[in-house]
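Take a look at the letters that make up each chain.
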Amino acid sequence: MRVDVVSIFPDYLAPLRLSLVGKAIETGLIDLAVHDLRDWTHDRHRTVDDTPYGGGAGMVMRPEPWGEALDDLVPAGTDARLLIMTPSGRPFDQRLAAELAAEPRVIIACGRYEGIDARVAEHAATRMRVDEVSIGDYVLNGGEAAALVIIEAFARLIPGVIGNPESLAEESHSADHDQLLEYPVYTKPAAWRGLEVPEVLLSGHHGRITAWRHERAVELTRRRRPELLPDAERTDELEVRPAV
Ligand SMILES: CN1CCC[C@H](Cn2ccc3ccc(-c4n[nH]c(N)c4C#N)cc32)C1
């Protein structure tokens, strides 16, 4: 998969070269290119912003540099998906992460100031798939942090990036985990500062352990994210399904 990120702060994306995503880049599973938007400006000051039409505080990112960047990065006829980070975007979630993990090319536009001139998304949509995406209901200063989150979320779903694909199976929000939150995890020592690991986890009885973990996942989801539960599970009583 080829991932292009465009930003006026390209160094912000340096952490992508670390850890699992960095290893995927080194091994060629992911081809990452980070670009400085100012490379597509032509004035002495490398200007990327201007005052907003209609007035208002702050500055807006000019469309010309973005248009030229996308022309260069996505030649006509290329199958690519453009993500524009914005607090007014569609909520990013595990489903979208899984979709992106299957894309051959993803371009991520990281805006700053008060955002990118709306015509950039409008024009790009005439020749590529465009998603305006938000990572949550809070306001950041720009799109770079969101790009880091989104790239990590979809990169880890690319086959070969995570060493043990089984660890993807029971994650929070994964489709094959009934959209439940993850159960609590423990490791050695069995007793720590007077706190014991739940006995069932030391029992070696896999059926009981599976059932206990599901119960904890349902309990946690009901308490913290009831909207993720299927209607039938939103009862007051903890429904326990037999271990399979
Ligand atoms: C006061 N203004 C309001 C509009 C946005 C301005 C900052 N900004 C400029 C570009 C840009 C891109 C993404 C985000 C962002 N914020 N929160 C999220 N979940 C995001 C995501 N994805 C924020 C951004 C600040």
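Read on for an overview of the structure. The structure presented is a predicted model; accordingly, all values stated were derived computationally and were not measured. (Residues numbered from 1 in each chain as written. Predicted model: local features only at pLDDT ≥ 70, side-chain atom pairs only at ≥ 80, totals over all residues. Heavy atoms only, no water.)

## As for unusual backbone geometry
A cis amide bond links Lys-188 to the next residue, Pro-189, at an omega of 5 degrees. Tracing the chain through its elements places Pro-189 in the loop between α5 (144-155) and β8 (191-192). One non-glycine residue, Arg-46, lies in the positive phi region at around 55 degrees. Its location among the elements puts Arg-46 in the loop between β2 (31-36) and β3 (49-50). Given the relative accessible area of 33%, Arg-46 is considered partly exposed. (Helix = DSSP H or I, 4+ residues; strand = E, 2+ residues; numbered from the N terminus. Buried < 20%, exposed > 50% of the residue type's maximum accessible area, 1.4 Å probe, protein only.)

## Quick look at the site of the ligand
Surveying the vicinity of the ligand reveals 18 residues, the closest of which are Glu-114, Ser-134, Gly-136, Tyr-138 and Leu-140. Between the ligand and Ser-134, the relevant distance is 3.1 Å, taken from a nitrogen atom to a side-chain nitrogen or oxygen of the residue. At 3.4 Å, a backbone N or O of Ile-135 approaches a nitrogen atom of the ligand. In the complex, the protein chains occlude 83% of the 540 Å² of accessible area that the ligand would expose alone. Of all the elements in the fold, those that place two or more residues in the shell around the ligand are β5 (81-91) and β7 (129-134). Per-element tally for the shell around the ligand: the top contributor is β5, with three residues. Tallied by class, the residues present in the shell around the ligand amount to nine nonpolar, seven polar and two charged. (Near = heavy atom within 4 Å. Polar contact = N/O pair within 3.5 Å; in protein donor to acceptor, adjacent residues only side chain to side chain. Areas by Shrake-Rupley, 256 points an atom, 1.4 Å probe, with all protein chains shown as cover. Nonpolar A, V, L, I, M, F, W, Y, C, P; charged D, E, K, R; others polar.)

Function cannot be read off these values alone, since they describe shape.
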